[in-house]
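Structural overview for review
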Amino acid sequence: MRTPGLTLKAGIARNEPKEAAVADDRHDRTSPYTAESLDAAWDAYIEANPTEHLIVNSMRSHRPVHIAGDTWQVTVDSESQAQIFRDAMPALLRHIHDSLQNDMLSFDIVLNRGQSAPVVWNEREVYQHMMATSEKMRNFVEAFKLTLI
């Protein structure tokens, strides 16, 4: 069953700014690029935003990996890092698209579900790892009856 509707497409003068037309053209850029040129644009964003410590540090430790076509994946270790990337994504994509002259490129932010990297371990995880991998550490802790609080 079809619901009647009304559309007004023809006969309406639109006062769209010229910038909007330019912005629309930017979404059609499909210049070829390489992994190396993406890495260079990634590094250029880091260098251009030295005061954005959270995203810059996350970008330094999590590089994009090619998935297929124009899709790249960035795997992060925590939900907070994923949120940092999501918050910075509009500015990051604008920079990457402009640098590569390719508007088709996209990033998927994926949370690492495996074992986390030691750089994001809390004190208890570091302690447990040291106890599991170092006999000298176990002996030291037992000799002095140390505990983690």
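Quick summary incoming for the structure in this document. These numbers were taken from a predicted model, which means no experiment stands behind them.

**Details of the packing of aromatic side chains**
A complete count under the given rule lists four aromatic pairs for this structure. Ring centres of Trp-42 and Phe-85 lie 6.2 Å apart, and the angle between their planes is 25°; on these two criteria the pair is classed as stacked. Highlighted residues: Trp-42 in helix α2 (residues 35-48) and Phe-85 in helix α4 (residues 79-100), separated in sequence by 43 residues. Of the two residues, Trp-42 and Phe-85, both sit in the buried class. Pairing Trp-42 with Phe-107 gives two aromatic rings, centres 5.5 Å apart and planes at 65°, and the pair type is edge-to-face. Here Trp-42 is found in helix α2, whereas its partner Phe-107 is found in strand β3 (residues 106-111), with 65 residues between them in sequence.

**Quick word on the pairing of β3**
Across six bridges, the pairing between strand β2 (residues 71-76) and β3 is parallel. Bridging from a neighbouring strand, Gln-73 pairs with Asp-108 of β3. As a crossover connection, the stretch from β2 through α4 into β3 is right-handed.

**Considering helix α3 (residues 53-61)**
Taken as a whole, α3 has its buried residues at Ile-55, Val-56, Ser-58 and Met-59. The arc that holds every buried residue of α3, seen down its axis, measures 165°, which confines them to one face. Looking at α3, the residues exposed on the side facing more than 90 degrees away from the buried face are His-53 and Leu-54. In this fold, the buried residues of α3 make contact with α2 and α4.

**Some remarks on the side chain of Ser-58**
Considering the arrangement of structural elements, one finds Ser-58 in helix α3. A polar atom in the side chain of Ser-58 sits 3.0 Å from the backbone oxygen of Leu-54. Beyond its immediate sequence surroundings of up to four residues, Ser-58 is in contact with Gln-81, Ile-84 and Phe-85.

**Notes on the sheet that holds β2**
Read from one edge to the other, the open sheet built from three strands follows the order β1-β2-β3, with strand pairing classed as mixed. A strand with exactly one partner marks an edge of an open sheet, and here the two such strands are β1 (65-68) and β3. Pairwise comparison of adjacent strand axes, ignoring direction, gives a mean angle of 40° for this sheet. Sitting on the sheet, α4 is in contact with β2 and β3, with an inclination near 175° to β3.

**A short note on the pattern of salt bridges**
By the definition in use, this model includes five salt bridges. Between Asp-43 and Arg-63 there is a salt bridge whose closest N-O contact spans 2.8 Å. With Asp-43 in helix α2 and Arg-63 in the loop between α3 and β1, the pair connects residues that are 20 residues apart, well separated along the chain. The exposure class of Arg-63 is partly exposed, given its relative accessible area of 31%.

**Quick word on the packing of α3 against α4**
The contact between α3 and α4 brings their axes to 10 Å, and the two run at 100°. With respect to each other, α3 and α4 are oriented roughly perpendicular. Judged by residue contacts, Leu-54, Ile-55, Ser-58 and Met-59 of α3 engage Gln-81, Ile-84, Phe-85, Ala-88 and Leu-92 from α4. Here the contact of α3 with α4 is composed, by residue class, of seven nonpolar, two polar and no charged.

Parameters at a glance
Residues numbered from 1 in each chain as written. Predicted model: local features only at pLDDT ≥ 70, side-chain atom pairs only at ≥ 80, totals over all residues. Heavy atoms only, no water. Phe/Tyr/Trp six-rings, centres within 6.5 Å; stacked < 30°, edge-to-face > 60°. Helix = DSSP H or I, 4+ residues; strand = E, 2+ residues; numbered from the N terminus. Buried < 20%, exposed > 50% of the residue type's maximum accessible area, 1.4 Å probe, protein only. Pairing = 2+ DSSP bridges. Right-handed = clockwise from strand over helix to strand, strands pointing away. Arc of directions from axis to C-beta. Contact = heavy atoms within 4.5 Å. Polar contact = N/O pair within 3.5 Å; in protein donor to acceptor, adjacent residues only side chain to side chain. Axes fitted to C-alpha atoms, helices over the stretch in contact; angles between N-to-C directions. Salt bridge = Lys/Arg side-chain N within 4 Å of Asp/Glu carboxyl O. Parallel < 35°, antiparallel > 145°, perpendicular 65-115°, else oblique. Nonpolar A, V, L, I, M, F, W, Y, C, P; charged D, E, K, R; others polar.

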